[in-house]
Amino acid sequence: MTVRRLVFATLLLLPAGLAAQQAPPEADRRMAREILAELVAINTTQDSGATRAARALARRLTAAGFPARDVQLAGPRPRNQNLVVRLRGRGKAKPILFLAHLDVVEARREDWSMEPFKLTEQDGYFYGRGTIDIKDEAADLVTNLVRLRRERYVPDRDIIVALTDHEEGGDANGAAWLLANRREWIDAAYVINLDAAGGQMEHGRRLRNPVQTSEKIYATYLLEVTGPGGHSSMPQPGNTIYTLARGLDRLAAYAFPVRLTETTRNFFDRLGGQIGGESGHDLQAIAAGRADSAAIARVSETPMYNSSMRNTCVATMLEAGVAENALPQRARATVQCRLLPGESVAAILDTLARVVGDSAIHVTIKGDPAGALPEEAPESPLNPDVMSAVEAATHALWPDVIVLPVMDPWTTDGIRFRRAGVPVYGVSGVFIDIDEDRAHGRDERVLAEAFYQGVQFNYLLMKALTGAP
């Protein structure tokens, strides 16, 4: 069956009239807002942990009729509990896991124009820490579980929702802990990870709904030069700072070769078709493997496109010297690289050493890069059932929006499941303006309309992926 026919078949499974609804029914809108307000008000930063939020959601779900055996709390420490909920189905296929996290990065009142741990509605936006990363998605998932339970919906396979702690950092990552200690709770055919970049809009117009099928892995390298030092009144050849600076200049001028994956080839081709013009032609030429150096250079000027088609390495920290009147005995640069799926950390080290071009610059790998080598986090295949279901749910709400696979240049918990052999598809349904992303920043916010539409999108997606004929 072609993808086009799969999309049509999936649309037929959606309840009559549902495609016309841009947002959930009023009662579910209110519930979604209440849950979001409750979550934002609970401080789930690294020092506080996510347990209070997990317990609050568990109470809502049991009150909605979920049996205790299907609402599970567990984690490595009392303050780092993860919530796993199961909506039982007919067992016709392996479950699907929907994933989000409850923890947020720190937010200080003095840095914000309003209270960060209180939901504020203003000028059509919801403000508060976590409104976009990603307590909005946790509220979305719980709202839809309660709605499906109320509707007595029985999926053809179990729907599992995992809401975890310490995705943003810390030593108690919930996804890793569940995989290691409660694998049977979250065992699934694949994961729908709501912690993806979200839908893209420009000046209020919805353009694209990406599906993340792969992520870059980070590896950090140290470039170090040592020397005898001495008094600053008597400069000597071989100043460690100058030697390191010359090597960093050579690194800044270097571009890794273009290498596309199945995901990025599809991404450039579909995006180029939507954009059109010279930029669109360049993107499609790269996808087809026929771009000249001028086209590659033009595309490389856009950071997102550049990072999608090659490895990248950039200096992020410098350390040198101990006193203003002493020649530096040591100069060190920290260089962070983002590697394409399948790249070798050791091979990149060799490349860095060759590019800096000076044996006096000693290149090493800092620590253990991301916990494992990139080869252990393969790209998820473009599953036609998933892609067609996302297209069906997307076009039911936004007929002109295109769905396309993407590789994110950052890392989410999806990578932990890919390493464990479970395919992951990151999709959100919450649209964000491409010129504004306040995640982790001051006055974090989400467009209220986009939040409610995201709730409806994931309701449609859950049904499209699990609807019994």
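Please read these numbers as outputs of a predicted model, since none were measured by experiment.

A. Just the environment of Asp-171, in detail. Assignment of secondary structure puts Asp-171 in the loop between strand E6 (159-164) and helix H5 (174-181). Sequence separation between Asp-171 and Gln-46 is 125 residues; the distance between their C-alpha atoms is 9.3 Å. Not counting chain neighbours up to four residues away, the residues in contact with Asp-171 comprise Arg-77 and His-166. At 2.8 Å, the side chain of Asp-171 forms a polar contact with the side chain of Arg-77.

B. Structural view of the side chain of Gln-453. Along the chain, Gln-453 falls in helix H15 (residues 448-466). On the basis of relative accessibility, which here comes to 5%, the residue Gln-453 falls in the buried class.

C. Main features of unusual backbone geometry. The omega torsion across Asp-133 and Ile-134 is -25 degrees, close enough to zero to call that bond cis. Along the chain, Ile-134 turns up in the loop between strand E5 (125-127) and helix H4 (135-150). Non-glycine residue Asp-123 carries a positive phi angle of around 55 degrees. Positive phi, close to 60 degrees, is recorded for His-166, a residue that is not glycine.

D. Region of the structure containing the pattern of salt bridges. All chains considered together, the criterion is met by 29 salt bridges. Put simply, Glu-26 and Arg-30 hold a salt bridge, and the shortest N to O gap is 4.0 Å. Of the two residues, Glu-26 and Arg-30 are both situated in helix H2 (residues 26-41); the distance of 4 residues between them amounts to about one turn of the helix. The exposure class of Glu-26 is partly exposed, given its relative accessible area of 47%.

E. Geometry of the sheet that holds strand E10 (residues 217-226). Here 4 strands make up an open sheet; going across it, the order is E12-E14-E10-E15 and the pairing antiparallel. The two strands at the open ends of the sheet, each matched to only one other strand, are strand E12 (312-320) and strand E15 (362-365). On average, each strand axis in the sheet is tilted by 25 degrees relative to the strand beside it, whichever way the strands run. Sheet contacts for helix H12 (residues 345-356): E10, E12, strand E14 (330-339) and E15; angle to E15, the most-contacted strand, approximately 160 degrees.

F. Representation of the state of the cysteines in the model. In total, this model carries 1 disulfide according to the counting rule given. Paired by a disulfide, Cys-313 and Cys-337 hold their sulfur atoms 2.0 Å apart. Where Cys-313 bonds to Cys-337 through sulfur, the torsion about that S-S bond is close to 115 degrees, and the disulfide is right-handed. Taken as a pair, Cys-313 in strand E12 and Cys-337 in strand E14 lie far apart in primary sequence, 24 residues in all. Cys-337 shares its class with Cys-313; the two are buried.

G. Highlighting helix H7 (residues 240-252). Given a rise of 1.5 Å per residue, 13 residues ought to cover 18 Å, and the 18 Å separating the end C-alpha atoms of H7 matches this to within 8%. Among the residues of H7, Thr-240, Thr-243, Leu-244, Gly-247, Leu-248 and Leu-251 are the ones counted as buried. Angular distribution of buried residues about the axis of H7 spans 135 degrees; they occupy a single face of the element. Opposite the packed face of H7, turned more than 90 degrees from it, sit the exposed residues Tyr-242, Asp-249 and Ala-252. Where H7 is buried, its residues contact E10, E12, E14 and H12. Between the side-chain oxygen of the N-cap and the backbone nitrogen of Ile-241 there are 2.8 Å, and the N-cap of H7 in question is Asn-239.

H. Up close: the packing of aromatic side chains. For the structure on display, the rule yields 10 aromatic pairs. When the ring of Tyr-125 is compared with that of Tyr-127, the centres are 6.3 Å apart and the planes differ by 55 degrees; the resulting orientation is tilted. Ring centres 5.5 Å apart and planes at 50 degrees place the aromatic pair Phe-267 and Phe-268 in the tilted group. Taken individually, Phe-267 and Phe-268 each receive the classification buried, so the pair is uniform in this respect. Taken together, the ring pairs connect Phe-126, Phe-451 and Tyr-452 into an aromatic cluster.

I. Focus on the nonpolar core. In this structure, Phe-98, Leu-163 and Ile-192 are the most contacted members of the largest nonpolar core, which totals 73 residues. It is H15 that contributes the most residues to this core, 12 residues altogether. Setting aside residues up to four positions removed in sequence, Leu-163 forms contacts with Leu-57, Asn-82, Leu-83, Ala-100, Leu-102, Ala-138, Leu-141 and Val-142. Counting residues in hydrophobic clusters, the runner-up holds 22 residues, among them Ala-331, Ala-333, Ile-361 and Val-363.

J. A look at the environment of Glu-110. As for its position among the elements, Glu-110 is in the loop between strand E3 (96-101) and strand E4 (120-122). As a C-alpha pair, Glu-110 and Leu-179 span 69 residues in sequence and 38 Å in three-dimensional space.

K. Highlighting the sheet that holds E5. Taken in spatial order, the 3 strands line up as E4-E5-E19 in an open sheet, and their pairing is antiparallel. Only two strands of the sheet have a single partner each, and these edge strands are E4 and strand E19 (445-447). Strand after strand, the sheet turns through a mean of 25 degrees between neighbouring axes, direction not considered. As judged from the 3 bridges shared by E4 and E5, these two strands associate in the antiparallel manner. By the bridge assignment, Gln-122 is partnered in E5 with Tyr-125. Sheet strands in contact with H15 are E4, E5 and E19, and its direction is about 70 degrees off that of E19.

Conventions we followed
Residues numbered from 1 in each chain as written. Predicted model: local features only at pLDDT ≥ 70, side-chain atom pairs only at ≥ 80, totals over all residues. Heavy atoms only, no water. Helix = DSSP H or I, 4+ residues; strand = E, 2+ residues; numbered from the N terminus. Contact = heavy atoms within 4.5 Å. Polar contact = N/O pair within 3.5 Å; in protein donor to acceptor, adjacent residues only side chain to side chain. Buried < 20%, exposed > 50% of the residue type's maximum accessible area, 1.4 Å probe, protein only. Salt bridge = Lys/Arg side-chain N within 4 Å of Asp/Glu carboxyl O. Pairing = 2+ DSSP bridges. Axes fitted to C-alpha atoms, helices over the stretch in contact; angles between N-to-C directions. Disulfide = S-S within 2.5 Å. Expected span 1.5 Å × (residues − 1). Arc of directions from axis to C-beta. Phe/Tyr/Trp six-rings, centres within 6.5 Å; stacked < 30°, edge-to-face > 60°. Core = buried A, V, L, I, M, F, W, Y, C linked by side-chain atoms within 4.5 Å.

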